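# Structural overview for review
The residues making up each chain are set out below.
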Amino acid sequence: MRLSDFPRRIALVVFMATGLLGRSDAAARLSLGEFEALYAEPLAPPQTPLRVYHLGHSLVGRDMPAMLAQLAPEGHRYESQIGWGTTLKAHWDPQGTIAGFQENDPNRHRAPHEALASGEYDAFVMTEMVEIRDAIRYFDSPDYARRWAMAARAGNERIRVYLYETWHALSDPDGWLMRLDTDLHRQWEGEILRRALVAADTDAAIYIIPAGQVMAKVVREIEAGRISGLTNRKQLFSDDIHVNDAGAYLVALTHYAVLYHRDPTGLAYQLNRHDGTPAEALPPEAARRMQEIVWEVVSAMPRTGIAR
């Protein structure tokens, strides 16, 4: 270990051992103006391939990060930890085995505290359990988002930290598109990020990978008959909430665009799953329109860190 590594690693050990962060104050939240000011200056586009750590559950899955690696520049690397509906809190200090731990690809799994403390990662992408309102109400999402962000930065002060916005069950009684239209600002930003950042180093933003927003726009285009070969939102899903190959491809495109600050239009659309088997490819016209929509959405959102 280099001598220069000692301060940040000691800080991480102390912070984890003493629980200095505590639970977030239920009343404490950045004002909207303070929150927006954090994102006024965009990030510089990466100049080299990234090493990325993914933390989450089955809406991360094994195939999406593998597809991202195929889209990304040569040299892109990643590891992850996933479970079944696993909360950020459960990943932080699991009581026993994380449910669904067997879903991790053994060739890609790395324990998150050890991974982040290594300082080897350029980007850390976390997501929270769905139902997001229950995660916030019962599992202290703002506090644990802050803990994970600070742990990542204790390992590498230059790491970029992202919150991956997901989606809800297609059968959500409040309406699937309605939830996507309201929950980004109300839950993911308003309840998680604005509370997580109020007690943290507010010069270091947590950026958004807005897969839910991309999904909503793509679905609207599909159901308006403007994406060739697709007619229904269910064609992106394998069940009521989990994506199929087409949905995983769309989410991988979104990660690519945000992490690399690059328009994905023209990228490959015939990819492999994590196990090397060919994924079911979209029609070329549909893939290209999805790529265009991804860039339209993410490049218009300051919270992605992309310059407009």
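In what follows, the accompanying structure is described. Everything numeric in this text was worked out from a predicted model, so none of it was measured.

For the structure shown, the criterion picks out 27 salt bridges. Note that E189 is salt-bridged to R303, the shortest N-O span being 3.4 Å. With a gap of 114 residues between them, E189 in helix α8 (residues 176-196) and R303 in the segment after α11 (284-298) connect regions that are remote in the sequence. Under the relative-accessibility criterion, E189 is labelled buried at 3%. Take R303: its relative accessible area is 11%, and that puts it in the buried class. Note that E191 and R195 form a salt bridge whose closest N and O atoms lie 2.9 Å from each other. Residue E191 and its partner R195 are both found in helix α8; the two are separated by 4 residues, about one turn of the helix. On the basis of relative accessible area, R195 is assigned to the buried category, the value being 11%.

With that out of the way, let us pick up the packing of aromatic side chains. Scanning the entire structure with this criterion turns up 12 aromatic pairs. Each residue in the set Y53, W92, Y121, F124, Y144 and W148 is aromatic and connected to the rest through ring pairs, giving one cluster. Cation over ring: R51 sits above Y121, and NZ or CZ is 4.8 Å from the ring centre. Lying across the ring of Y78, R108 places its NZ or CZ 4.1 Å from the centre.

Analysis parameters
- Residues numbered from 1 in each chain as written.
- Predicted model: local features only at pLDDT ≥ 70, side-chain atom pairs only at ≥ 80, totals over all residues.
- Heavy atoms only, no water.
- Salt bridge = Lys/Arg side-chain N within 4 Å of Asp/Glu carboxyl O.
- Helix = DSSP H or I, 4+ residues; strand = E, 2+ residues; numbered from the N terminus.
- Buried < 20%, exposed > 50% of the residue type's maximum accessible area, 1.4 Å probe, protein only.
- Phe/Tyr/Trp six-rings, centres within 6.5 Å; stacked < 30°, edge-to-face > 60°.
- Lys NZ or Arg CZ within 6 Å of the ring centre and 35° of its normal.

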